[in-house]
Amino acid sequence: MLIDTYGRVATDLRVSLTDRCNLRCTYCMPEEGLQWLAKPDLLTDDEIVRLIDIAVRLLGIEEVRFTGGEPLLRPGLVGIVERVAALDPRPQMSLTTNGIGLRRTASALKAVGLDRVNVSLDTLRPDVFKALTRRDRHKDVIAGLEAAREAGLTPVKVNTVLMPGLNEDEAPDLLAWALEHEYELRFIEQMPLDAQHGWKREGMVTAGDILASLRTRFDLTPEGADERGSAPAERWLVNGGPQRVGVIASVTRPFCAACDRTRLTADGQIRTCLFATEETDLRAALRSDAPDEEIARIWRLAMWGKKAGAGLDDPSFVQPDRPMSAIGG
């Protein structure tokens, strides 16, 4: 079991498969100049599967989310998913992706055991997409979403970040589009995870702003705390249901008290939180032939020291020195 001093138990593992991405979203990465991890520093496919096996067999992990960077850029992704699906116990598996390569891989991923996907899409307007991501790939994301739905990687969740002056007016249109295509839309408050440290709380689009905008066109009924559990998204029934919309208010309504996550970076570090400034090295233990029980002990100790919260409201908050692409969303 992965328990901390506040009694929280981690059952959800986020695994970053690469720090690389084929987009350059303004709220995540600079346009140029990022230093990518060297290949020898990255965990191998075998090392990733071994650590996931330790997590589910010895530490009580029940869900695994593959992230990046962009996980579809990992050459061995399909094989990793297939091997994790064969573990006993078998964890639930999902993937967070920008969707660009999903049209080519959705069927294969479903066939080897992936359960569902989360796809990032911030706008319905190709010109705004290009401004936000610095790439002209909007149609590829739309095609990837359709492929995921057709392959049965459902519920297909769409993650959206609203930015002032770019797409903050699109919330109702995005929800109408998601309802039409049977995607579950989740708005995420912009978090201070940009590599250039340009985030400012006073300029962000808040959960309150998003809900006020949605209510100009839709009737929203809170789903309730019992339904939410430890999930980061607060959800609302749209026009009486059954379809829902979620809002992840990481900044204005933090949910740290119910957090059930542990994170593995692409270079084999354990992070207790997206905003953690410390990491615990598992790669060194792996490569020094430590037994599974010793690696599990190191992991337990790392999680025992997890802080109470991210501290975004604390004036002394220090932004992580790694961009989100290196940490995993």
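Residues numbered from 1 in each chain as written. Predicted model: local features only at pLDDT ≥ 70, side-chain atom pairs only at ≥ 80, totals over all residues. Heavy atoms only, no water.

Looking up the chain in an unreviewed UniProt entry gives the name GTP 3',8-cyclase, with the organism given as Streptomyces diastatochromogenes. Looking at the Subunit (unreviewed entry) heading of the UniProt record, one finds this comment for the chain: "Monomer and homodimer." Recorded in UniProt for the chain, the comment headed Function (unreviewed entry) runs: "Catalyzes the cyclization of GTP to (8S)-3',8-cyclo-7,8-dihydroguanosine 5'-triphosphate." (UniProt positions renumbered as here; feature names shortened; annotations may be inferred.)

A. The overall build of the chain, seen in detail. Regarding its fold elements, the chain presents 11 helices and 14 strands. Counting only residues that meet the buried cut, the chain has 55% of its 329 residues in that class. The contacts in the chain between residues at least 6 apart in sequence include a share of 73% that link residues at least 24 apart. Within the structure as shown, the chain displays about 14,000 Å² of accessible surface, and the carbon and sulfur contribution to it stands at 50%. (Helix = DSSP H or I, 4+ residues; strand = E, 2+ residues; numbered from the N terminus. Buried < 20%, exposed > 50% of the residue type's maximum accessible area, 1.4 Å probe, protein only. Contact = heavy atoms within 4.5 Å. Areas by Shrake-Rupley, 256 points an atom, 1.4 Å probe, with all protein chains shown as cover.)

B. Up close: helix H10 (residues 292–304). Between its first and last C-alpha, H10 extends 18 Å over 13 residues, near the 18 Å set by a 1.5 Å rise per residue. Of all the residues in H10, the buried ones are Asp 292, Ile 295, Ala 296, Ile 298, Trp 299, Ala 302 and Met 303. Buried residues in H10, looked at end-on, bunch into an arc of 160°, giving them a common side. Opposite the buried face of H10, by more than 90 degrees, sit the exposed residues Glu 293 and Leu 301. (Expected span 1.5 Å × (residues − 1). Arc of directions from axis to C-beta.)

C. Broad picture of the pairing of strand S8 (residues 184–188). Where burial is concerned, most of S8 is hidden: 5 out of the 5 residues are buried. In S8, alternate side chains face the same way, and those of Glu 184, Arg 186 and Ile 188 on one face and Leu 185 and Phe 187 on the other are all buried. For strand S7 (residues 157–160) and S8, the ladder comprises 4 bridges, and the chain directions are parallel. Of the residues in S8, the one forming a bridge with Val 158 is Leu 185. In terms of handedness, the path from S7 via helix H6 (residues 171–181) over to S8 forms a crossover that is right-handed. (Pairing = 2+ DSSP bridges. Right-handed = clockwise from strand over helix to strand, strands pointing away.)

D. Region of the structure containing the confidence of the model for the chain. Scored by pLDDT, the chain has a mean of 89; 87% of the residues are at 70 or more. In this model, residues 313–318 is a region of pLDDT below 50 whose contacts with residues beyond four sequence positions or in other chains number 8 contacts. (pLDDT = per-residue confidence, 0-100.)

E. Layout of the packing of aromatic side chains. A complete count under the given rule lists 1 aromatic pair for this structure. Pairing Trp 177 with Tyr 183 gives two aromatic rings, centres 5.3 Å apart and planes at 55°, and the pair type is tilted. Each of the two residues, Trp 177 as well as Tyr 183, counts as buried. (Phe/Tyr/Trp six-rings, centres within 6.5 Å; stacked < 30°, edge-to-face > 60°.)

F. Summary view of unusual backbone geometry. The peptide bond linking Asp 88 to Pro 89 adopts the cis configuration, its omega dihedral lying at 5°. The linkage connecting Gly 241 with the following residue, Pro 242, adopts the cis geometry, with an omega of 5°. Inspection of the secondary structure assignment puts Pro 242 in the loop between strand S10 (234–238) and strand S11 (244–248). Its identity is not glycine, yet Asn 239 carries a phi of approximately 50°, on the positive side.

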